[in-house]
Amino acid sequence: MKIHAIQTGTVAITTAWREGVGHGRRRLVHTLADRNWTEPLPIYAFAIEHSDGVIVVDTGETARAAEPGYFPRWHPVFRLAVREWIEPEQEIGPQLEQLGIGRADVRWVVMTHLHTDHAGGLHHFPNTEILAARPEIEYASGLRGRVRGYPNARWPSWFDPTPVNFAPDSLGPFPHTVRLTTAGDVTLVSLPGHSPGHMGVLIDEGERSVLLAGDSSYTEELLLRGVVDGVGPDERGERLAQERIRAYARAHPTVYLVAHDPQTSVRLAERRVLGQSALTPAA
Ligand SMILES: [Zn+2]
């Protein structure tokens, strides 16, 4: 199974967003008030070449994000805490073409969640089945969704994702999973916290697993330190999701790939698994 990490431009966020300050809802206040910025971070989407068809995971951001008024100016998150840089040729559509992957080759688009930098490339997939967790679709839709920071007026008018309904079906420490492929080697894993319907995609490569973990943390190092971000509405959920990922990686060698870690593509290319020593809590 070939897995591609596709970088669709860069994003900078406040440092208190990448590494949450304080607890609960106050984290968001720190995120918005912080005047320190991260360096431009990659915005990754992924493509898995599978015998069932290509599985695209997230769609990255669109070059249109640079247009004035693309994001609502009244929204504090877009006004104060995020900046993005994307060129048209960096969008996911042209990059899939470069890889020799045509529109008709894509069997599913799986959305880890619906934040703008994951959903900006949706317009490249008008005829593909798009999957998102049911609670994510509900949370991100309508006027409430816009207030919560999902610029859903920018979604394509035809956007009508297939809801993924997670029921109890455990895979190791993950209590809610859905097998996606007929061979059972690609599994959707519910990882709520960063957003209510946040999920990961777990790929079984035999001797190791690859976890496309969305925004479960902004880097691998932050996962190992158990640091949650400064925006997720459910801090406890984020911690629990991170604990489960670490528990899974203790039992199975796992390559941990998140959307904004500068090391993601190197880790994928080298199949660099989460260090076992780092996963064992110090006594
Ligand atoms: Zn996100």
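Here the residue numbering is sequential within each chain, running from 1 through the sequence in written order. Owing to the predicted nature of the model, reporting of local features is limited to residues with pLDDT of at least 70; listing and counting of side-chain atom pairs is limited to 80 or more, with chain, interface and lining totals taken over all residues. Note: side-chain values were computed over all heavy atoms of the structure, leaving out hydrogens and water.

### Notes on the packing of aromatic side chains
Note on aromatic contacts: the rings of Phe and Tyr and the six-membered ring of Trp form a pair at centre separations within 6.5 Å, being stacked when their planes are under 30 degrees apart, edge-to-face when over 60 apart, and tilted otherwise. On inspection of all chains with the given rule, the structure shows 6 aromatic pairs. One Lys or Arg, Arg-83, reaches over the ring of Trp-37 and ends 3.7 Å from the middle of that ring. Charge over a ring is defined by NZ of Lys or CZ of Arg lying within 6 Å of the ring centre and within 35 degrees of the ring normal.

### Considering empty space enclosed by the protein
Points on a 1 Å grid, built from protein atoms alone, make a cavity when a 1.4 Å probe fits but cannot get out and make a pocket when they are open with protein on both sides within 12 Å along at least 5 of 7 lines; residues with an atom within 4 Å of a point are the lining residues. Grid points are joined across faces, edges and corners, and a volume is the space filled by probe spheres set on the points. Summed over the entire model, instances satisfying the criterion amount to 2 cavities of 30 Å³ or more. Roughly 40 Å³ of volume is contained in the largest cavity. Taken together, Gly-24, Arg-25, Arg-27, Leu-28, Gly-230, Val-231, Gly-232 and Pro-233 make up the full set of residues lining the largest cavity. For this scheme, ten residues count as nonpolar: Ala, Val, Leu, Ile, Met, Phe, Trp, Tyr, Cys and Pro. Four count as charged, namely Asp, Glu, Lys and Arg, and the remainder, Gly too, count as polar. Looking at the lining of the largest cavity, its residues break down into 3 nonpolar, 3 polar and 2 charged. Approximately 30 Å³ is the volume attributed to the second largest cavity. Phe-46, Val-57, Asp-58, Thr-112, Leu-212, Ala-213, Gly-214, Leu-257 and Ala-259 are the residues that line the second largest cavity.

### Comments concerning the coordination of the zinc ion
With distances of 2.2 Å, the protein atoms coordinating the zinc ion are His-113 (NE2), His-115 (ND1), His-194 (NE2) and Asp-215 (OD). Relative to the metal, the 4 donor atoms surrounding the zinc ion lie at angles of 92 to 174°, and the coordination shape comes out irregular. Only protein chains enter the accessibility calculation, which uses a 1.4 Å probe; a residue whose area is less than 20% of its type maximum is buried, one above 50% is exposed, and one in between is partly exposed. On the basis of relative accessible area, His-115 is assigned to the buried category, the value being 16%. Note that water is not among the atoms used; donors are N, O and S atoms within 2.8 Å of the metal (3.2 Å for Na, K and Ca), so sites may look incomplete. In these descriptions, tetrahedral denotes four donors with every angle between 85 and 135 degrees, square planar four donors and octahedral six donors with opposite donors over 155 degrees apart and the rest between 65 and 115, and irregular any other case.

### A word on the environment of Trp-37
Only DSSP runs of H or I with at least four residues qualify as helices, and only runs of E with at least two residues qualify as strands; both kinds are numbered from the N terminus onward. Examined against the element boundaries, Trp-37 turns out to sit in the loop between helix H2 (26-33) and strand S2 (41-50). Judged by relative accessible area, Trp-37 falls into the partly exposed class, the value being 23%. With 134 residues separating them along the chain, Trp-37 and Leu-171 place their C-alpha atoms 37 Å apart. Excluding residues within four positions of it along the chain, Trp-37 makes contact with Ala-12, Ile-13, Thr-14, Thr-15, Leu-80, Ala-81, Val-82 and Arg-83. Note on contacts: a residue pair qualifies if any of its non-hydrogen atoms lie within 4.5 Å across the two residues.

### Some details on the layout of surface pockets
In this structure, the largest pocket encloses a volume near 470 Å³. In terms of lining residues, the largest pocket is bounded by 28 residues, among which Val-77, His-115, Arg-148, Gly-149 and Val-231 are the most central. Secondary-structure elements contributing two or more residues to the lining of the largest pocket are strand S1 (2-13), H2, helix H3 (76-80), strand S4 (82-85) and helix H5 (116-119). When residues of the lining of the largest pocket are assigned to their parent elements, the largest contribution, 3 residues, is made by H3.

### Some remarks on the pattern of salt bridges
The working definition used for a salt bridge is a side-chain nitrogen of Lys or Arg within 4 Å of a carboxyl oxygen of Asp or Glu. Inspection of the entire model under this criterion finds 14 salt bridges. For the salt bridge of Asp-229 with Arg-27, the shortest nitrogen-to-oxygen distance reads 3.4 Å. Of this pair, Asp-229 sits in the loop between helix H8 (220-225) and helix H9 (235-251) while Arg-27 sits in helix H2, and the two are 202 residues apart along the sequence. Assessed through its relative accessible area of 3%, Asp-229 is described here as buried. Asp-261 is the partner of Arg-267 in a salt bridge, and the nearest nitrogen-oxygen pair spans 2.9 Å. Exposure class is identical for Arg-267 and Asp-261. Each is buried.

### Quick look at the sheet that holds S2
Read from one edge to the other, the open sheet built from 7 strands follows the order S4-S1-S2-S3-S5-S6-S7, with strand pairing classed as mixed. Both outer strands of the open sheet, S4 and strand S7 (162-164), are each paired with one neighbouring strand and no more. Going across the sheet, the axis of each strand differs from the next one's by a mean of 30°, ignoring polarity. For two strands to be treated as a pair, DSSP must find no fewer than two bridges joining them. As defined by bridge partners, S1 adjoins S2 across 8 bridges and the pair is classed as antiparallel. Across the sheet, residue Thr-10 finds its bridge partner in S2, namely Pro-42. Fitted lines through C-alpha atoms serve as axes, helices being fitted only where they are in contact, and the angles separating the N-to-C directions of these axes extend from 0 to 180 degrees.

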